[in-house]
Amino acid sequence: MKEKFMREAIRLSLSKMRGNCGGPFGAVVVQKGKIIGRGWNCVTSANDPTAHAEISAIREACKKLKTFRLDDCELYASCEPCPMCLAAIYWARFKTIYYANTRKDAAAIQFDDDLIYREVALPVSRRKIPMKQLMRDEALKVFAEWKSKPDKVRY
């Protein structure tokens, strides 16, 4: 069964790459043996750097299920997730992730996420893109209100 879902992720990666949607990446979200979300890379066709296969599949599954938690779901990706997708996978709380190609395989065809993996581990002051804190006191007021908001939805 797992191979069936991975084949679909790989099929999407090939089909959508050949259709010039973007890079060679596909993903499916599976719940109880059924595909509930499909995604493929369309970064270049949508002019959206967040339009990765995993993100698109997660968005479709969440919309279909009307929830932001996918803790009873599995993700099948044609490649090991990049740092952005990995973070989204953790936020969605998947129970298992299956992947085919590795990030080293992706780097061999110029999809090198290693810079981002290294940057995330660095202190803010040492990252390549400058990050400067601004207006913290005003922003903290919003956090304080959130903390005491009785009808908030936790995630």
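Model, not experiment: these values are computed from the prediction.

Student: Is there a simple way to explain the pairing of strand S1 (residues 26–31) in this structure?
Tutor: Where a strand is regular, its side chains alternate between the two sheet faces. Within S1, six of the six residues are buried, which leaves it mostly tucked inside the rest of the structure. What you see with S1 is no split at all: Gly26, Val28 and Val30 on one side and Ala27, Val29 and Gln31 on the other are buried throughout. Summarising the sheet, S1 and strand S2 (residues 34–40) pair through six bridges and their orientation is antiparallel. Considered in S2, the bridge of Val29 is made with Gly37. As paired strands, S1 and strand S3 (residues 73–79) are joined by five bridges and run antiparallel to one another. Of the residues in S3, the one forming a bridge with Val30 is Glu74.

Student: Whenever I open this one, unusual backbone geometry confuses me. Can you help?
Tutor: Both trends apply: most residues other than glycine have a negative phi, and most peptide bonds are in trans. The backbone phi angle of Lys66 is positive, close to 55 degrees, even though this residue is not glycine. Tracing the backbone through its elements, the reader meets Lys66 in the loop between helix H3 (53–65) and S3.

Criteria and thresholds
Residues numbered from 1 in each chain as written. Predicted model: local features only at pLDDT ≥ 70, side-chain atom pairs only at ≥ 80, totals over all residues. Heavy atoms only, no water. Buried < 20%, exposed > 50% of the residue type's maximum accessible area, 1.4 Å probe, protein only. Helix = DSSP H or I, 4+ residues; strand = E, 2+ residues; numbered from the N terminus. Pairing = 2+ DSSP bridges.

As far as function goes, none of this settles anything; it's purely spatial.
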